[in-house]
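Take a look at the letters that make up each chain.
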Amino acid sequence: MAPYRYGPPALKSSVDVQLQTAFSDGNWHTVIRLATKRASTLKDPYYEAIKVCAESQLDGTAEKCGALVAIDELVKNKKTPDLDTIELYEWACRDFFDYDVEYADTLGPLRARWAKANPSSPLAMQCLQACLERWDLVSAQQIATSLDKAHANTADRRYMFWNIILTYLLSISPQCTDASRKVYSLLAVRQLERAADLTENSEKLEPTDRGLLTEEEVCLYYRVLRSHGTKEDFISRVKSPKLGAIGQLKEGKKLLLCETLDTLETWGEWDLIYQLCREALSLGLDGGTTPFLVCDLQIWRKFAAAASKVADSESALGEVQTILNKYIEIKDTASAMYKKNLSLALLEATFRLPAAALNPNRDKTGLSPRVVQIGLFLDQYFERLSAFDDVKGYVAELGFDEIKTLMEDVLPKMLGEDVDKARKAVLNALESRLRYLLTTCPQTLSPQPSVVDGETQDKPFQCRLCDNPASIPCESCLKKILLDASKAYKEIRGDKELVDSIPRLDKDPRLDLALVMGTSLLKLSGLRPRTTDVIRPLWQTVDAGLFLQAVLLLDAQLKETPGDTELRLLLVQLYLLLGCASYAYQLWTPLDVKRTIQDALSPLFFDRISSLSPGLFHGTRPLMEPLRSFYSHNLGDRSPVRIWDAFSAGSYTSILDIVRYDGNLRRSCTVMMTLVEERRATRCYGGKIDVEIEEHFLTENIDDNTTLVNNTDYGPFPNLESTHGPPVHEYLRLGPGLSNERSHLAFLSEQYLDLLLYKPPKDYRPSKQTEVALRDREYTLETLSRLSNSLTDFLHQPTTPSRLTVAETTYYTVLSLLAAALLIALSTPRSDPVPKTLSLLTGSIKSAIASLRTDFFSLPSSPSTAASKMTPDKTTTITRKGGRLPGVSPSLTEMPTFAALRDAALAVRHSAAFVVAAHDRELARDRSGRSGVHRDVLAEMRALDAAAGKVLGEAKGHVQRLKEVLSEGGWLDRILELAFGGAENEEEGGREDEVARTVEEVIGGRGAAEEWAGRVVESWREGVKGWGMVKME
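This is a predicted model, so every value here is computed, not measured.

1. What to know about the environment of F747
- Looking at where F747 falls in the secondary structure, it is placed in helix α40 (residues 740-757).
- Judged by its relative accessible area of 3%, F747 falls in the buried class.
- Sequence separation of F747 and E721 is 26 residues, and the distance between their C-alpha atoms is 35 Å.
- Residues contacting F747, with those up to four places away along its chain left out, are M672, I693, E694, T699 and I702.

What follows is the structure, encoded as structure tokens:
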């Protein structure tokens, strides 16, 4: 019988042709008539099932539910129907599962009952598959147990481990009751313990023995032991001669060693890590394994790190070097990957040595063993794509004398007499990146007194590289790096032979130089990490000219290297920060983010996109379609995708990984972001939201106690920073990244708006209006109470302020206050005095909106130049004069604050309208007037509505003024003057800014800059056009 999911099931071969034909043709009335006759004649319940199945395809509600009634009767009477009947019923109810009917309460028990009665049948496995694909772990575990018992003495070992792994999965699943959880946990551990003991005590295992034979089986045992066993049991078993990490390694199985080392590292068991790594690496030298089987870089790093942490670290590190030297002696037989791993391992071991061992004579020379090893490594690998990432962590650990030696002696002499232009260009690019890296390292700065000769010093440090007063970072060094990098860039571009050789290199050196110049300009502009306590309007915190130069330079480089993902992502973030969302989307689209990484990368563009540019949602293709498609495919069913494939392959660690990934995906902050951003954009244009957010299938298992997971991956970003400071992505985002707190607040806010904006169907006419009204009122008050409490709880969590922008905090605070105010407004009888709390709440709401209004409408009319007046040395001042953005245009970069103001004001209006509507319904139902809303409450609500209406009027006027300003001429000149300076610069001494001139030369002149400025202005216009269509009432 064909499974239901591939179409209508085929009937038994014993069914007559006439009934078979009617069923396959979907002639349901004929099927019902013929099946009724056959059932009365043959007394076979299968024909009754055919009849019920056919009736379920009719339009009547009673007929559609007939199959559910039949299933319920079968479950209750403890009878075991035949599998064909179960398949028929499953097909008939296919649209009910996961929504109105639980598979675990209906067909799951029936399949388990049939499998228990027929465990040797090949179709029992089909029952297991069906239960797994509906994620009914209770029934699946019962079926697996029956299959295991039936095949206990066979060579097919799958059933035993299916039983164990399903028992384990059930023990950690919400489907397991609290009373049974401990039992199932103990059962899974005990079964594996017996198998482990049998393996340890047997000289040779046969396939029929219930021991641990394969690597997957052994790793499953250790994973379950780590989860449900004790730390002592885990460590004891890891040391065992046969099933221990080293014992398995001798059999060529390395996975257990890697997983064990990761586990021990989380526990801080450095002595055991050192012992295991030493034995594992010694095996390769002694012939116990293939020589380079365990020469992974992570194993070497753990070995060196553990050696530096054990009691006798000096002796242990000596042992590391001894083993490493033995491998180096035979490295000629290794592949290139292992040769590089050995070089990095030598570097790691050198950096883990104590200071006394590195410099026993305490010489003041900077040519230390650490510098020597970095030099030797770069001498071999500086041309590789990963060279900078390989050494940047080590360079950041060097002392200042070592840094000077590396940068002034080692790197300049590295190529010696080599005249290869391409190699020199690559080395120059690497040197530029390392110089930039050093500006982020604290050892290059020395503190100086805050007051010298009675004068307060503006700079708290003195740079040890350039001897100038400095802050963090040193502006003088950044400018010098920028100018040197631009010189190298222009030399490459001007040499045709060198340009032609670039395709043969691992990476275009111009790209590295452009990234150094771009990030240096961003730092010089005054851009700093945009955390909650320092997020201020962009033009108040940066030198607009230097910021625009950075964007322009990087954009020009993208034309040269359009396939570079790092640069493209960096520009996407910069254009979002600049308010150019439509142009950022043009850059984002070619990335073609695939399904598997949608959840991790999508927040880099889509987070807060509806508040920045809702007009993007009016494109030809729905903006969030890739994400919706991804989640529908992966989360549309309750079971993880392709889980049965992992079971069939016997890949038990993959099963656990898939289940963990699926759990994180269902609790992903990106899921909530996808729903909220699309809903907010839909409301912006008065669209219809199909389903309340609580009823959406993606949120069915999310409540206040669910911890949502931020899966955002910032790895693709270029990051030239050291670990001493924040990574580059923290400088560029619109606000704090996704978080559990912000996602929950967004979820609750959508629930609140769903309550306010709900409209019953037009044909809804309840017969008992009074009873329905009472139920609606009870539901409303209960929902308001829950939302008020939940919003307040999340807002007052200690971590919440750092997870939100100021505007977001104000918006969610307004919603929290509104929920509390509506609860009082709708629950206060007309005959009682209104609690004073209501006036306090409405006053706080007005104050919050006024604060948000002030924050936005008080933006400066032109970019700040005060913040940009940085003096790296006594002769040069990096400023930008002559460029001004007219009128309200600086707010183009602050539209998320504008969106929060609009949303808060609209929430107030909707809340007031909700109370008034409730009052009108009560008056229509009860003409006596005793059950309506208190008149003082109505007065408060009308006052709130008036205040919100005023704000929305101002918001509408602001958008109109933006449209008028952007429709004016001369914008290209304004942008170029802002970036490079105008006539005012020439009048004051006739000398252009050296940095601006350099950037202009790198990008190819002002002609290229004009084209870029046109794209920026056009993107602003498109964004404002989208805001012009947004409803403001």
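2. Quick look at the packing of aromatic side chains
- Under the counting rule described, the total for this entry stands at 32 aromatic pairs.
- When the ring of F898 is compared with that of W1027, the centres are 5.1 Å apart and the planes differ by 80°; the resulting orientation is edge-to-face. Of this pair, F898 sits in helix α44 (residues 895-925) while W1027 is found in helix α49 (residues 1006-1028), placing the two residues 129 residues apart along the sequence.
- Among the residues examined, F898 registers a relative accessible area of 0% and is labelled buried.
- Taken together through their ring pairs, the aromatic side chains of Y274, F292, W300, F303, Y327 and Y338 make up a single cluster.
- We note R94 situated over the ring of W91; from NZ or CZ to the ring centre the distance is 4.2 Å.

3. Some words on the side chain of T405
- Following the sequence through the fold, T405 ends up in helix α23 (residues 400-410).
- Residues in contact with T405, not counting those within four places in the same chain, are G366, L367, V371 and V410.

4. As for the packing of helix α17 (residues 297-307) against helix α19 (residues 336-352)
- Across the interface, α17 lies against α19 with an axial gap of 9 Å and an inter-helix angle of 15°. As summarised for this structure, α17 and α19 are arranged roughly parallel, according to the angle between their axes. Handedness of the α17/α19 crossing: right-handed. Only N341, L342, L344, A345, E348, A349 and R352 of α19 make contact with α17, whose side of the interface consists of L297, W300, R301, A304 and A305.

5. A look at the environment of E694
- In this structure, E694 sits in the loop between α38 (669-684) and α39 (729-732).
- E694 has contacts with T699, F747, Q751 and R786, leaving out every residue within four places of it along the chain.

6. Quick look at the packing of helix α10 (residues 158-171) against helix α11 (residues 178-201)
- Relative orientation of the contacting elements α10 and α11 amounts to 150°, with a least axis distance of 8 Å. Like other packed secondary-structure pairs, α10 and α11 cross with a definite hand, here left-handed. Packed against α10, whose contacting residues are M160, F161, N163, I164, T167, Y168, L170 and S171, the element α11 presents R181, Y184, S185, L187, A188, Q191, L192 and A195 at the interface.
- A breakdown of the residues in the contact of α10 with α11 according to their chemical character gives 10 nonpolar, five polar and one charged.

7. With respect to the state of the cysteines
- Inspection of the entire model under this criterion finds zero disulfides.
- For C65, which is in no disulfide, the shortest distance to another cysteine sulfur is to C93 and amounts to 8.8 Å.
- No disulfide involves C219; its nearest neighbouring cysteine sulfur is the one of C258, lying 9.4 Å away.
- The exposure class of C219 is buried, given its relative accessible area of 0%.

8. Quick notes on the nonpolar core
- In terms of nonpolar packing, the biggest core is built from 204 residues, with F547, Y575, L578, I609 and Y752 touching the most fellow members.
- Among all residues touching Y752, those that are not within four sequence positions of it are L784, L787, L815, L818, A819, L822 and S911.

9. A closer look at the sheet that holds strand β1 (residues 445-447)
- Strand order in the open sheet formed by three strands is β1-β4-β5, with antiparallel pairing between adjacent strands. Looking at which strands have only one partner, the edges of the open sheet turn out to be β1 and β5 (469-470).

10. Describing the pattern of salt bridges
- According to the stated counting rule, one finds 63 salt bridges in the structure shown.
- Close ionic contact of R1015 with D555 constitutes a salt bridge, the shortest N to O distance being 2.7 Å. Pair noted here: R1015 is in helix α49 and D555 is in helix α29 (residues 544-560), with a separation of 460 residues, a long-range link.
- The salt bridge involving R803 is made with E741; its shortest N-O contact spans 3.4 Å. Remark: E741 occurs in helix α40 and R803 occurs in the loop between α41 (769-795) and α42 (806-827); sequence separation between them is 62 residues.
- Judged by its relative accessible area of 8%, E741 falls in the buried class.

What counts, and at which threshold
Residues numbered from 1 in each chain as written. Predicted model: local features only at pLDDT ≥ 70, side-chain atom pairs only at ≥ 80, totals over all residues. Heavy atoms only, no water. Helix = DSSP H or I, 4+ residues; strand = E, 2+ residues; numbered from the N terminus. Buried < 20%, exposed > 50% of the residue type's maximum accessible area, 1.4 Å probe, protein only. Contact = heavy atoms within 4.5 Å. Phe/Tyr/Trp six-rings, centres within 6.5 Å; stacked < 30°, edge-to-face > 60°. Lys NZ or Arg CZ within 6 Å of the ring centre and 35° of its normal. Axes fitted to C-alpha atoms, helices over the stretch in contact; angles between N-to-C directions. Parallel < 35°, antiparallel > 145°, perpendicular 65-115°, else oblique. Left-handed = near helix turned anticlockwise from the far one by under 90°. Nonpolar A, V, L, I, M, F, W, Y, C, P; charged D, E, K, R; others polar. Disulfide = S-S within 2.5 Å. Core = buried A, V, L, I, M, F, W, Y, C linked by side-chain atoms within 4.5 Å. Pairing = 2+ DSSP bridges. Salt bridge = Lys/Arg side-chain N within 4 Å of Asp/Glu carboxyl O.

What is shown is where atoms sit, not what they do.
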